[in-house]
Amino acid sequence: MKTAIVTDSTAYLTPEEAAKHHITVVPVTIHWGENTYRDLIDISFTDFYDRLVSDPVQPTSSFPALGEMEETFKKLAAEGYDNVLCIVLSSGISSFVDNLRAFAEHFNTIKVVTYDSHITCAGLRYMDLLAATMLEQGNDLDTVEKALEVMRDRMGVRFMVDDLAHLRRTGRLSGVSATIGGLLKVKPILTIDIQGAGKITAIAKERQAKKAFEHIKKDFGDAIANVDYPVRVTVFDADEPKMKAEWVKDLQDSFPQVQVDQSIIGPVIGVHTGKGAMAIIWTQDYQDLAAKYAQ
């Protein structure tokens, strides 16, 4: 049985990663005034953030129409695939998972399995790479799903934003959680309950970016202190390259046993976080986890 992997563009896989592992990436759409843009295809990372801070009109995002997904699945069936594993953005952030599952119940051209990542960005990327590696080594779809569950259970995330205005505007943060931003100029620290519903919640606040990083770094250190598996962490940014470089160096120096990767908060997620957001996501090294299931 031949299984294809489909993911959405919020994983921010590099083109090289997607091509190497034969992962189909479906771009999410950004609506800005009267124009629409496909994530990182019709608008670049830098152009998006430059416009975000200068344009009085603010963007929104929407996931691909089911008709577009149907065409993607038909194309994969024509290429000889028997199954499609869709690993997509958290259902706590988007209704895309539920829509895909409802669609798959009535689609008979190819078997479509939808996996709710409960995460986005680097966490989704790690899941894509785990699934691809396991399929390449001969694992079946059921075994891949079991491994994805293990990875998701071992995953954590912390991120900070300049303010909560974008998350409030787009409805990705509850009114109760939003109060942590308050009236003062602070750096809100947020998480996603990956082992729960995959929703964004604000958990703390610091007055300076440096203090926010120290808070995040402590949470990360506490989370991995007693694990019995190798860890990978990704540092990713909403157009803050200098701060990202500082975070990467600090984590490499402080946790030499950890593989530190880098990625981005791309345009679609930037619609909700705003410019200046910084984040880390960590979990068991996908290569190590895949090796546990090697045949």
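Each value, and the rule that gives it
Residues numbered from 1 in each chain as written. Predicted model: local features only at pLDDT ≥ 70, side-chain atom pairs only at ≥ 80, totals over all residues. Heavy atoms only, no water. Helix = DSSP H or I, 4+ residues; strand = E, 2+ residues; numbered from the N terminus. Rg over C-alpha atoms; globule rule 2.2 N^0.38 Å. Buried < 20%, exposed > 50% of the residue type's maximum accessible area, 1.4 Å probe, protein only. Areas by Shrake-Rupley, 256 points an atom, 1.4 Å probe, with all protein chains shown as cover. Phe/Tyr/Trp six-rings, centres within 6.5 Å; stacked < 30°, edge-to-face > 60°. Lys NZ or Arg CZ within 6 Å of the ring centre and 35° of its normal. Pairing = 2+ DSSP bridges. Axes fitted to C-alpha atoms, helices over the stretch in contact; angles between N-to-C directions. Polar contact = N/O pair within 3.5 Å; in protein donor to acceptor, adjacent residues only side chain to side chain. Right-handed = clockwise from strand over helix to strand, strands pointing away. 1 Å grid on protein atoms, 1.4 Å probe; cavity = no way out; pocket = protein on both sides within 12 Å on 5 of 7 lines; lining within 4 Å. Points joined across faces, edges and corners; volume = space filled by probe spheres on them. Nonpolar A, V, L, I, M, F, W, Y, C, P; charged D, E, K, R; others polar. Left-handed = near helix turned anticlockwise from the far one by under 90°. Contact = heavy atoms within 4.5 Å. Salt bridge = Lys/Arg side-chain N within 4 Å of Asp/Glu carboxyl O.

## A few points about the overall build of the protein
Inference 1: Check the secondary structure of the protein and you find twelve helices and 13 strands.
Inference 2: In terms of overall size, the protein behaves like a compact globule, its C-alpha atoms giving a radius of gyration of 19 Å where 295 residues would be expected to give roughly 19 Å.
Inference 3: Scored against the burial criterion, the 295 residues of the protein give a buried share of 56%.
Inference 4: Looking at the protein as shown, the accessible area adds up to about 13,100 Å², and 50% of this sits on carbon and sulfur atoms.

## Let's talk about the packing of aromatic side chains
Inference 1: In the structure shown here, the tally under the stated rule is eleven aromatic pairs.
Inference 2: Considering the side-chain rings of phenylalanine 48 and tyrosine 49, the 4.9 Å spacing of their centres and the 80° angle between planes classify their relative orientation as edge-to-face. Grouping residues by exposure puts phenylalanine 48 and tyrosine 49 together as buried.
Inference 3: Among the aromatic side chains, those forming a connected cluster through ring pairs are Trp32, Phe45, Phe48 and Tyr49.
Inference 4: Geometry around tryptophan 32 places arginine 51 over its ring, the cationic atom sitting 4.0 Å from the centre.

## Digging into the sheet that holds strand E8 (residues 156-160)
Inference 1: One open sheet accounts for six strands, arranged E10-E9-E8-E13-E11-E12; its pairing is mixed. Unpaired on one side and paired on the other, strand E10 (200-206) and strand E12 (259-264) mark the two borders of the sheet. Between one strand axis and the next, the sheet turns through 20° on average, direction left out of account.

## Side note on the side chain of threonine 133
Inference 1: Its place among the elements puts threonine 133 in helix H5 (residues 121-136).
Inference 2: Within polar-contact distance, the side chain of threonine 133 engages the backbone oxygen of leucine 129 at 2.7 Å.

## A few points about the pairing of strand E7 (residues 111-116)
Inference 1: Judged by how many residues are buried, E7 sits mostly within the fold: five of six residues are covered.
Inference 2: Bridge count between strand E6 (residues 83-88) and E7: six bridges; the pairing is parallel. Counterpart to isoleucine 87 in the pairing with E7 is tyrosine 115.
Inference 3: Crossover connection from E6 via helix H4 (residues 96-104) to parallel E7: handedness right-handed.

## Some words on empty space enclosed by the protein
Inference 1: With the rule as written, the count across this model stands at one cavity of 30 Å³ or more.
Inference 2: Put simply, the largest cavity is a space of about 160 Å³.
Inference 3: Considering the residues around the largest cavity, the lining is formed by 17 residues, among which Thr120, Phe159, Ile192, Ile269 and Thr273 are closest to the centre.
Inference 4: Where the lining of the largest cavity is concerned, the elements lending two or more residues are E8, helix H11 (267-273) and strand E13 (278-284).
Inference 5: A per-element tally of the lining of the largest cavity places H11 first, with three residues.
Inference 6: Across the lining of the largest cavity, the residue classes tally to 13 nonpolar, three polar and one charged.

## A word on the packing of helix H9 (residues 209-224) against helix H10 (residues 241-254)
Inference 1: At a minimum axis separation of 12 Å, H9 and H10 run at an interaxial angle of 35°. For the pair H9 and H10, the sense of crossing is right-handed. Facing H9, whose interface residues are Ala209, Phe213, Glu214, Ile216, Lys217 and Phe220, H10 presents Met243, Trp247, Asp250, Leu251 and Ser254.

## Remarks on the pattern of salt bridges
Inference 1: Following the criterion strictly, the structure yields 16 salt bridges and no others.
Inference 2: Here aspartate 219 makes a salt bridge to arginine 158, at a shortest N to O gap of 2.9 Å. Taken as a pair, aspartate 219 in helix H9 and arginine 158 in strand E8 lie far apart in primary sequence, 61 residues in all.
Inference 3: Of the residues examined, aspartate 219 reaches a relative accessible area of 18% and is grouped as buried.
Inference 4: Of the charged contacts in the structure, one is a salt bridge between lysine 275 and aspartate 239, with a shortest N-O distance of 2.5 Å. Within this pair, whereas lysine 275 is found in the loop between H11 and E13, its partner aspartate 239 is found in the loop between strand E11 (231-237) and H10, the two being separated by 36 residues in sequence.

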